[in-house]
Amino acid sequence: MKIDQLALGSYETNCYVLRDGEAAADCLVIDPGLEADALIDFLKANELNPVSVVLTHGHIDHIAGLAPLRERYPDLKVYIHELDARMLTESRSNLSLLMGMMFRTEPADVVLQEPDVIEQAGVKLVVIHTPGHTPGGICLYSEKDGVAFVGDTLFAGSIGRTDFPGGNMSQLLSSVREKLFTLPEDTKAYPGHGPATTIAQEKAHNPFF
């Protein structure tokens, strides 16, 4: 799997562009961020064709980039967990009202549950439901490549916030312990913000555990 990472918008949300290999044109996008201009420029410069977008959760800093992306690539398929699906269409629940944006977009094309498997652009990802940051937060795991895209569930040396509506600290801690810390320790974890880490590193040194 070829993984390209871009930090998008003022919240520096990590967006990941995945494809089967360096020569592949079709790609899968994880979390298009708050502003998608840099992502669209990257896709154009590298002559890539995004066939799907998978959202790790429905907060505004991870989903607002959908609007320009859908406008440019109208055949794009959008995936989100069923418990966060309404966050695409409700500005209150996606927190955009807090930013004065009132962002809403079209519903997702595919509503996910654990343990759904996403197979797009030559990439295979298993859906792991990890509530706590949001009710429908998910992580995406590739056993073949030894990588997990963990959204705002787990960070290098930290965890996601739980003080927003729908957040739950005990639920988040359980999600990490029971869902992520059971992955192979050499699994590389790519979070929604900040640098990548490994499951072994977080099990040994994350102060929340």
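This structure is a prediction, so every number in the text was calculated from the model and none was measured.

So, how was this worked out
- Residues numbered from 1 in each chain as written.
- Predicted model: local features only at pLDDT ≥ 70, side-chain atom pairs only at ≥ 80, totals over all residues.
- Heavy atoms only, no water.
- Pairing = 2+ DSSP bridges.
- Helix = DSSP H or I, 4+ residues; strand = E, 2+ residues; numbered from the N terminus.
- Axes fitted to C-alpha atoms, helices over the stretch in contact; angles between N-to-C directions.
- Contact = heavy atoms within 4.5 Å.
- Patch = residues over 30% accessible without salt bridge, like charges linked within 9 Å, V, L, I, M, F, W, Y side chains within 5 Å.
- Areas by Shrake-Rupley, 256 points an atom, 1.4 Å probe, with all protein chains shown as cover.
- Salt bridge = Lys/Arg side-chain N within 4 Å of Asp/Glu carboxyl O.
- Buried < 20%, exposed > 50% of the residue type's maximum accessible area, 1.4 Å probe, protein only.

> Could you clarify how one ought to interpret the sheet that holds strand β6 (residues 110-112) in this entry?
Hydrogen bonding along the main chain pairs the strands of a sheet, whether they run parallel or antiparallel. Taken together, the six strands give an open sheet; going across it, the order is β1-β2-β3-β4-β5-β6, and neighbouring strands pair in mixed fashion. The open sheet terminates on both sides in strands that have one partner only, identified here as β1 (2-8) and β6. The mean inter-strand angle of the sheet, taken between neighbouring strand axes irrespective of direction, is 25°. Across five bridges, the pairing between strand β3 (residues 26-30) and strand β4 (residues 49-54) is parallel. When the sheet's bridge partners are listed, Ile 30 is paired in β4 with Val 54. Packing against the sheet, helix α1 (residues 37-45) makes contact with β1, β2 (13-19), β3 and β4, and its axis sits at approximately 150° to β1.

> Would you explain a nonpolar patch on the surface in this entry?
Together, Tyr 11, Leu 98, Met 99 and Met 101 give the surface a local cluster of nonpolar side chains, amounting to about 400 Å² of exposed area. With respect to the element layout, Leu 98 can be found in the loop between β5 (77-81) and β6. Its relative accessible area of 66% is what places Leu 98 among the exposed residues.

> Which parts of the structure should I look at to understand the pattern of salt bridges?
Opposite charge on two side chains lets them pair, provided their charged atoms get close. This structure, assessed with the given rule, holds seven salt bridges. A salt bridge links Asp 4 to Arg 19; the nearest nitrogen and oxygen atoms lie 3.3 Å apart. You can see Asp 4 sitting in strand β1 and its partner Arg 19 sitting in strand β2, a full 15 residues away along the chain. Classification of Arg 19 as buried rests on a relative accessible area of 4%. The closest approach of N and O atoms between Arg 86 and Glu 90, which form a salt bridge, is 2.7 Å. Shared partners join several salt bridges into a network, and the residues in it are Lys 2, Asp 4, Arg 19 and Glu 22.

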